[in-house]
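Tertiary structure, described
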Amino acid sequence: MTVLLGLETSCDETAAAIVKDGRQLLSSCLVSQTPIHQKFGGVVPEVAARSHVQTINLMIDEALAQANLTYDQLDGIACTRGPGLIGTLLIGLSAAKALSWSWNLPLKTVDHLFAHVCANFINTDLEPPFVALLVSGGHTQILHFKNFDDIEIIGETLDDAAGEAYDKVGRLLGLGYPGGPVIDKLAAAGNPSAFKFPEGVVKGYDFSFSGLKTAVLRQVEKLSQSSEALPVEDLCASFQEAVSKVLVKKTLKAAEELNLKTIVLAGGVAANRELRSKFEKASGYRVYFPSNHLCTDNAAMVAAAAFFHGEDSELNVGAYSRQPVRASAKS
Ligand code: KG4
Ligand code: ZN
């Protein structure tokens, strides 16, 4: 039995969680900084780092209390090394190092993107191999997850990430930050065929969302010339249709060509209802997606990832802002 405390501070969520044997969630505590950053229209790294300093110890205490455990019942400390904002990553990593040293527990570090995929192991019987669609605020990738030591990126975005496209369209429609959850909600009341937006045709398994974002902008500019109210729900539904269609199409094609019957969704955009529903309609596949609170950034996925493929780290280990999931998973 291995009980790990995970910490996550790669962006604007301060989180601590305890997971047993990579699958059983004993506690998951999180403070989102969204209300702090909303007035800036996006995450301000320095503000985020200061906020992590204020809350990380509270989250650690809360995670132990909720799991009804004391530190001597833990088997290790897990932490995100990157990618993410360097200043915020260092808060979690420093806290993890301090705990590892003072509690005399091994330090295990993980890649944030790999951790997003590992959220799918919590409370499930999922086993590799599978195809994973990782769709977050910073990344959009199709991964061939062969085993824990061999993960190949077979497609990725050439420009904006899917979540970034949601956030940019949310901003231009005046919906605030982050745009994803609001667009998801408004789209449910809109007509997905009201506007024909481009899916961003790119060869193979790669994606491009910047043309789609510009097409929405042009449509909004055109509609703004009329005296009628902007059909926000229809715009959201049509934008969401274009994004989800291309994500589903390319992931299914990858699964078919690799002859894999298991598809895994991960990252903040995996919480999107239309995306989930399109995948659920694809017959012949077992589709896994984490519950909503495990799609967006959290520490449970970090503890799970560390159990399955954590890197045993020394106390002088550094954080990194950019690194592909494949490199970290193989190192
Ligand atoms: O994985 P995540 O928490 O952070 C990163 O590692 O980037 O993902 C955050 C992204 C944001 O862009 C947010 O707008 C998007 O996930 N998101 C959604 C939904 N919930 C969060 N996008 C579409 N539909 C949602 N329901
Ligand atoms: Zn993330």
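One numbering rule holds for all chains: residues counted from 1, following each sequence as written. A letter from A marks each chain and a number from 1 marks each ligand, given out in the order of writing. In view of the model being predicted, local features appear only for residues whose pLDDT reaches at least 70, and side-chain atom pairs are presented and counted only at 80 or more, with totals across whole chains, interfaces and linings using the full set of residues. Neither water nor hydrogens contribute to the side-chain values; these are computed over all heavy atoms in the structure.

Re the pairing of strand E6 (residues 130-135)
Three labels apply to residues, based on accessible area from a 1.4 Å probe with only protein chains included: buried if under 20% of the type maximum, exposed if over 50%, partly exposed otherwise in between. Helix and strand assignments follow DSSP, with helices taken as H or I runs no shorter than four residues and strands as E runs no shorter than two, numbered in order from the N terminus. In terms of burial, E6 is largely enclosed, as six of its six residues are buried. Of the two faces of E6, the one lined by Phe130, Ala132 and Leu134 and the one lined by Val131, Leu133 and Val135 are each fully buried. At least two DSSP bridges between two strands are needed for those strands to be called paired. Pairing of E6 with strand E7 (residues 140-147) involves six bridges; the strand directions are antiparallel. Bridge pairing in E7 links phenylalanine 130 to phenylalanine 145. If you look at the hairpin formed by E6 and E7, you'll find four residues sitting between the two strands. Pairing geometry for E6 and strand E9 (residues 262-266), over four bridges, is parallel. Looking across to E9, one finds that leucine 134 is bridged to alanine 266.

Observations regarding unusual backbone geometry
Omega for the peptide link from glycine 82 to proline 83 comes to -5°, which places this bond in the cis form. Relative to the helices and strands, proline 83 is located in the loop between strand E4 (76-82) and helix H3 (86-103). The amide bond that connects proline 128 to the next residue, proline 129, takes the cis arrangement and shows omega of 10°. Topologically, proline 129 is positioned in the loop between helix H4 (112-118) and E6.

So, the site of ligand 1
The full set close to ligand 1 counts 19 residues, and Gly137, Asp167, Asp184, Gly268 and Asn272 are the nearest of them. At a separation of 3.0 Å, an oxygen atom of ligand 1 approaches a polar backbone atom of glycine 268. Computed on the free molecule, ligand 1 has an accessible area of 560 Å², of which 88% lies beneath the protein chains in the complex. When residues of the shell around ligand 1 are traced back to their parent elements, those giving at least two are H4, helix H5 (162-172) and helix H6 (179-187). Each residue gets one of three labels, nonpolar for Ala, Val, Leu, Ile, Met, Phe, Trp, Tyr, Cys and Pro, charged for Asp, Glu, Lys and Arg, and polar for the others, Gly among them. Residue composition of the shell around ligand 1, grouped by class: five nonpolar, 11 polar and three charged. Near is defined per residue: the residue qualifies when any heavy atom it owns lies within 4 Å of the molecule or strand. A 3.5 Å cut-off defines polar contacts: any pair of N or O atoms within that distance qualifies, except that in protein one atom must be a possible hydrogen donor and the other a possible acceptor, and neighbouring residues in sequence count only when both atoms are side-chain atoms. Only the protein chains shown count as cover for residues, and the accessible areas themselves come from Shrake-Rupley with a 1.4 Å probe.

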